[in-house]
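# Chains, contacts and geometry: an overview
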Amino acid sequence: MSDKKYSKKHEWVSLEGDVATVGITKHAAEMLGDIVFVELPDKGKNVEKEGQAGVVESTKAASDVYTPVTGEIIETNQSIVDDPATVNKDPEGGSWFFKVKIKNKSELDELMNKADYEKFAKENSN
Amino acid sequence: MTTQKTALYDYHKSLGAKFVPFAGYEMPVQYSSGIVEEHKITRNNAGLFDVSHMGQLLIEGNENLATELEKIIPTDLKKIKLNQSKYSFLMNEQGGIYDDLIITKVEKGFIIILNAACKNNDFEIIKNALGSKFKLTLYKNLSLVALQGPKSSEILEKTINGVSSLKFMNGSKFSYNGKDIYITRSGYTGEDGFEISIPNELVEDFAKKLIVQGAKPIGLGARDTLRLEAGLCLYGHDINESTSPIEANLKWAISKRRREEGGFTGYNKIRSDMNGSLARLRVGVNPTGKIIAREGVKIFSKDNEEIGLVTSGTFGPSVNRSIAMGYVKLNFSKPGTKVLLEVRGKKYEANISALPFYKKNYVR
């Protein structure tokens, strides 16, 4: 997989060919606390960059998950729906949310690299 | 209004607390281990909660005070024994709940524990009802901590000799570092436990001792999941000025004599609710799947008739599933009734459930 890119809404994207794997960042998972519910978009759904494409709930509250890229949802990760707590354990690895067949690779250029995201997350954590 | 801090604020900070504003106070919502872990620690071991934001009101007086207080509190205050505690409430004329509270008979009169967000309003209500005949003190120099969980008795006994012989919903005066403290065997978690009223200047030292003995600090986040599993109401959510105690399924908290005789604010509504005009009831709600149904989620019958509203809901770490409570029309309130919950525009199956979701035996 290529290097991850990060959005201001705390999602990560990893591109392989024209398929982007999307999840929520470690920072986001920590901020949410214990994740107890995950809702993913339906396969085949077309999503727009920065559009709502899922929900995560912690014991405290519900939060929307956004897609950082435009395209068609081709795969979703049922294992995090079955066991939401795994998102806290491995948010940037096995606990990815969905895969998008992207239309426009240049959308990734607008996202942050790891170092920039970490700086952004630190500045926006409180 | 500036945000207030409890006497334990710096100690919470040193323990890695994340703070949230709550009822005008900066309160720890969780520590580093997180809500689910803190919840389980309380269920399996012992958790220490800072609840110093709550109001501690002393009303001084004799039998005459019991008579006057009975006009606003629907508990049998004439029969209550010294050091006995009762769960009760203050009501408006329409039978809605101004606040829920714990009232304890003490030597000087009564001590009432009030919700943080309501305490100043409660003070005015009680003062207006009692006139100037009795002395009211809403303590600013006292902290309140709760030690909850199966190990609390063993842990607290090491610091406070004799405390383990207290019975559930009973209290007693004890001494700590030469100062009087007052401890009741009670709580808000569904576990055995204690609430300790202690001078501000001693509370940090006292809390540290309990932590050394094995208690873990627990934030408001786990306090909420614990009380919800235990089926206990959160004021401002599950009960408020427009819910009556009978609708809230709290009839048990109104003493039998008081239910029959009345003579307190809000009795007309209580009486009519008990005599057939009850239209809705607070119930437990068990979503069939993992969906979390939070406050405001609409409840529908199988035939898609809107029948009620969720008032709190979360994931219950000890029952390991989604749980909620809310109000439904009376004819849908029977446990086992199949209902639908509307979350983000979609309907999800659920069952009406008895409360509590989680049950433990108290030391009686």
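In this text the structure is predicted, and so the values were computed from the model without any measurement. (Residues numbered from 1 in each chain as written. Chains lettered and ligands numbered in written order. Predicted model: local features only at pLDDT ≥ 70, side-chain atom pairs only at ≥ 80, totals over all residues. Heavy atoms only, no water.)

## Side note on the interface of chain B and chain A
Definition in use: Contact definition: two residues touch when any of their heavy atoms are within 4.5 Å. When two components associate, each loses some accessible surface as probed by a 1.4 Å sphere; the sum of these losses over both components is called the buried area. For this document, the term salt bridge refers to a Lys or Arg side-chain nitrogen within 4 Å of an Asp or Glu carboxyl oxygen. For the purposes of these results, a polar contact is taken to be a pair of N or O atoms within 3.5 Å, where, inside protein, one atom must be able to donate a hydrogen and its partner to accept one; residues adjacent in sequence count only when each atom of the pair is a side-chain atom. Numbering of helices and strands runs from the N terminus, with a helix taken as a DSSP run of H or I at least four residues long and a strand as a DSSP run of E at least two residues long. For this classification, Asp, Glu, Lys and Arg are treated as charged, while Ala, Val, Leu, Ile, Met, Phe, Trp, Tyr, Cys and Pro are nonpolar and the rest, including Gly, are polar.
Every contact between the two is made by 15 residues of chain B and, on the other side, 16 residues of chain A. In total, chain B and chain A occlude about 1,300 Å² of area from one another, counting both sides; carbon and sulfur atoms represent 49% of this. Summed over the three residues of chain B that lose the most area to chain A, namely B:Lys290, B:Arg294 and B:Arg344, the buried surface amounts to 44% of that side. One salt bridge connects B:Arg344 with A:Glu57, and the closest N-O pair in it is separated by 3.0 Å. Linking chain B to chain A there are 10 residue pairs in polar contact (both at pLDDT 80 or more). Among the elements of the structure, strand 2 (25–30), helix 2 (35–44) and strand 16 (306–316) of chain B are those that each provide at least two residues to the side of chain B that touches chain A. Grouping the amino acids of the side of chain B that touches chain A by side-chain chemistry returns seven nonpolar, four polar and four charged.

## What to know about the packing of helix 5 (residues 152–159) of chain B against helix 6 (residues 200–212) of chain B
Residue and element names in this part refer to chain B. Short version of the rule: Think of each axis as a best-fit line through the C-alpha atoms, taken over the contacting stretch in the case of a helix, with angles from 0 to 180 degrees between the N-to-C directions. Angle categories: roughly parallel below 35 degrees, roughly antiparallel above 145, roughly perpendicular from 65 to 115, and oblique for all the rest. Here is the rule for handedness: rotate from the far helix to the near one, and if that takes an anticlockwise turn smaller than a right angle the crossing is left-handed, while a clockwise turn gives right-handed.
Axis separation between helix 5 and helix 6 bottoms out at 9 Å; the angle between their running directions is 125°. The pairing of helix 5 with helix 6 is recorded here as oblique in orientation. Where helix 5 crosses over helix 6, the handedness of that crossing is right-handed. Mapping the contact onto sequence places Ile155, Leu156 and Thr159 in helix 5 and Phe206, Lys209 and Leu210 in helix 6. When the residues that make up the contact of helix 5 with helix 6 are grouped by side-chain class, the tally is four nonpolar, one polar and one charged.

## Some details on the environment of B:Pro245
Residues and elements named next belong to chain B. Quick note on the threshold: Here the term buried applies to any residue with accessible area under 20% of the maximum for its type, exposed to any over 50%, and partly exposed to those in between, with areas from a 1.4 Å probe on protein chains only.
Along the polypeptide, Pro245 turns up in the loop between helix 7 (220–229) and helix 8 (256–261). According to the relative accessible area criterion, Pro245 is buried, its value standing at 0%. Between the C-alpha atom of Pro245 and that of Gly96, which follows or precedes it by 149 residues, the distance is 7.4 Å. Once residues within four sequence positions are removed from consideration, Pro245 is found in contact with Phe89, Met91, Gly95, Ile97, Leu250, Lys251, Ile254 and Ile270.

## As for the pattern of salt bridges
Residue and element names in this part refer to chain B. A complete count under the given rule lists 27 salt bridges over all chains for this structure. The salt bridge partner of Lys208 is Glu204, with a shortest N-O separation of 3.0 Å. Residue Lys208 and its partner Glu204 are located together in helix 6, separated by four residues, close to a single helical turn. Measuring nitrogen to oxygen at the nearest pair gives 2.9 Å for the salt bridge that ties Arg227 to Asp224. Placement of the pair is Arg227 and Asp224 together in helix 7, with a separation of three residues, close to one helical turn. Accessibility expressed as a relative area gives 27% for Asp224, which makes it partly exposed. One network of salt bridges, in which partners are shared, links Glu70, Asp76, Lys78, Arg257, Arg258 and Glu261.

## Brief notes about the state of the cysteines
Here is the rule: We call a pair of cysteine sulfur atoms a disulfide when they lie within 2.5 Å.
Scanning the model with the defined rule gives zero disulfides over all chains in all. You can see B:Cys118 has no disulfide; the closest cysteine sulfur is in B:Cys233, sitting 13 Å from it.

## Remarks on the environment of B:Tyr358
Residue and element names in this part refer to chain B. Its location among the elements puts Tyr358 in the segment after strand 19 (346–353). For Tyr358, a relative accessible area of 18% puts it in the buried group. Through-space distance from the C-alpha of Tyr358 to that of Leu228 is 8.9 Å; in sequence the pair is 130 residues apart. Excluding its chain neighbours within four sequence positions, the residues that come into contact with Tyr358 are Arg43, Glu191, Glu229, Ala230, Ser318 and Val319.

## Let's talk about the packing of aromatic side chains
Test applied: Here a Phe, Tyr or Trp ring, Trp counted by its six-membered ring, pairs with any other such ring whose centre lies within 6.5 Å, and the pair is stacked when the planes are under 30 degrees apart, edge-to-face when over 60, and tilted otherwise. The rule for a charge over a ring is simple: NZ of Lys or CZ of Arg within 6 Å of the ring centre, and within 35 degrees of the ring normal.
Taken as a whole, this structure holds seven aromatic pairs over all chains when the rule is applied. An angle of 85° between the planes, with centres 6.0 Å apart, marks the rings of B:Tyr87 and B:Phe89 as edge-to-face. Take B:Tyr87: its relative accessible area is 16%, and that puts it in the buried class. Judged by relative accessible area, B:Phe89 falls into the buried class, the value being 0%. Seen from their ring centres, B:Phe264 and B:Tyr267 are 5.2 Å apart, and the 65° between their planes marks the pair as edge-to-face. Residue B:Phe264 is classed as buried on the basis of its relative accessible area of 6%. Owing to a relative accessible area of 10%, B:Tyr267 belongs among the buried residues under this scheme. Joined through ring pairs, the aromatic side chains of A:Tyr6, A:Tyr117 and A:Phe120 make up one cluster. Above the ring of B:Tyr358, the side-chain terminus of B:Arg43 is found at 3.9 Å from the ring centroid. The lysine or arginine in question, B:Arg280, covers the ring of B:Tyr327, its NZ or CZ lying 4.8 Å from the ring centre.

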